[in-house]
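# Structure at a glance
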Amino acid sequence: MSADLHCHTKLSDSSMGIDDLIVLAQKRGITTIAITDRDCQAGTVRGKIIGERRGITVIPGVEISAYDSKHDKYVEIICYLSDSPDRLEGLCHRNIVARKKASQLMTLKIARKYPITPELVLKCATGSTAVFEQHIMHALLECGLTDKIYGELYHELFSPESPENVLVKVSYPEPAEVIEAIHEAGGIAVFAHPGSIESLDIIEELIPKGLDGVEVWNPANDAELEHKLLELAKKNSLLTVGGTDFKGMYSQSPISVGEYSTPEASVKALMGYKAKMKKKKAATENK
């Protein structure tokens, strides 16, 4: 079983629609994917239906934005296999509204420096539930102001280290709140792409707060970090998953579906995790 459990669609910050994503997975021989759009669950039902037609298993998911105030870092927690996804809608909606407000302010700042318009940015974001940095860069690319999504101009505008950055702080819930909400919705909470930030301390602090797993195999994780994450997962009985964080042409480097994947044993562990936890809880209560 070849499984890429971290894929985005045009509903959030990818350039590729659900149909094309599933066809791509089929063409590449990937039998299982998870659609994990950021703060958006709208694609999971359609993805499952299209996947069944194509012989692809589509696991429902959503990547929920969070902000760790103690460490001053943005993190993402992926929810897999939620029993009651509607219980996450309020949280996702609040995150989308917060992101939209921040994106509007960033777009206005950039429009003062470069000849783009908010209307063009919105056009580039057509189909998405919010405006992401990639959509703003797409608008700049359309205007001939850069030749790539990620490059010097992206660094100037969106890197915290850049004195010219236009970043606006977004108000997201704490990671522990997100984990609690995921569990209330009957989902599984997994820490996404730890290598994108220095996050081992954050992961260790979230384990006693209910974190269920960690994304081990991901383009943001180097071999050393993979080893540390596997050791941490083994020590704390955490689930391990893997995926490309696929975003089509909005990916930070050339990568296609399935280039990072989840081993079959880990997929089976994920799929049977909730039943295992129920048995464990029942055994504890009967003692």
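Everything here concerns the structure above.
Attention in this report is confined to the structure presented alongside it. For clarity, every value in this text was computed on a predicted model and none was experimentally measured.

## Regarding the layout of surface pockets
Roughly 1,400 Å³ of volume is contained in the largest pocket. Elements represented by at least two residues in the lining of the largest pocket include exactly strand E3 (57-68), strand E4 (73-80), helix H3 (89-113), helix H5 (133-142) and helix H6 (152-158). Residues belonging to the lining of the largest pocket are distributed by class as follows: 19 nonpolar, twelve polar and twelve charged.

## Topic: the pattern of salt bridges
Throughout the structure, instances matching the rule amount to eleven salt bridges. Across the pair Arg99 and Asp39 runs a salt bridge whose closest N-O atoms are separated by 3.1 Å. You can see Arg99 sitting in helix H3 and its partner Asp39 sitting in the loop between strand E2 (32-35) and helix H2 (43-54), a full 60 residues away along the chain. Of the charged contacts in the structure, one is a salt bridge between Glu164 and Lys113, with a shortest N-O distance of 3.5 Å. Of the two residues, Glu164 sits in the loop between H6 and helix H7 (175-184) while Lys113 sits in helix H3, which places them 51 residues apart along the sequence. Salt bridges sharing partners connect three or more residues here, namely Asp13, Arg38, Glu76 and Lys247.

## A closer look at the sheet that holds strand E1 (residues 3-7)
The mixed open sheet is built from seven strands, whose spatial order is E1-E2-E3-E4-E5-E6-E7. Pairing within the sheet leaves two strands with one partner each, and these edge strands are E1 and strand E7 (239-242). Mean inter-strand twist for the sheet, computed between neighbouring axes without regard to direction, equals 35°. Together, E2 and E3 form the strand contacts of H2, whose direction differs from that of E3 by roughly 155°.

## Digging into the pairing of E3
Burial within E3 is extensive, with ten of its twelve residues counted as buried. Bridge analysis of E2 against E3 gives four bridges, and the strand direction is parallel. Residue Thr32 lies in a different strand from E3, and its bridge partner there is Thr57. By the bridge criterion, eight bridges tie E3 to E4 in an arrangement that is antiparallel. From the neighbouring strand, Ser65 faces E4, where its bridge partner is Glu76. Linking two consecutive strands that pair antiparallel, namely E3 and E4, is a turn of four residues; a positive phi of about 55° is found at Asp72 within it.

What counts and what doesn't
Residues numbered from 1 in each chain as written. Predicted model: local features only at pLDDT ≥ 70, side-chain atom pairs only at ≥ 80, totals over all residues. Heavy atoms only, no water. 1 Å grid on protein atoms, 1.4 Å probe; cavity = no way out; pocket = protein on both sides within 12 Å on 5 of 7 lines; lining within 4 Å. Points joined across faces, edges and corners; volume = space filled by probe spheres on them. Helix = DSSP H or I, 4+ residues; strand = E, 2+ residues; numbered from the N terminus. Nonpolar A, V, L, I, M, F, W, Y, C, P; charged D, E, K, R; others polar. Salt bridge = Lys/Arg side-chain N within 4 Å of Asp/Glu carboxyl O. Pairing = 2+ DSSP bridges. Axes fitted to C-alpha atoms, helices over the stretch in contact; angles between N-to-C directions. Contact = heavy atoms within 4.5 Å. Buried < 20%, exposed > 50% of the residue type's maximum accessible area, 1.4 Å probe, protein only.

These figures come from the coordinates and say nothing about function on their own.
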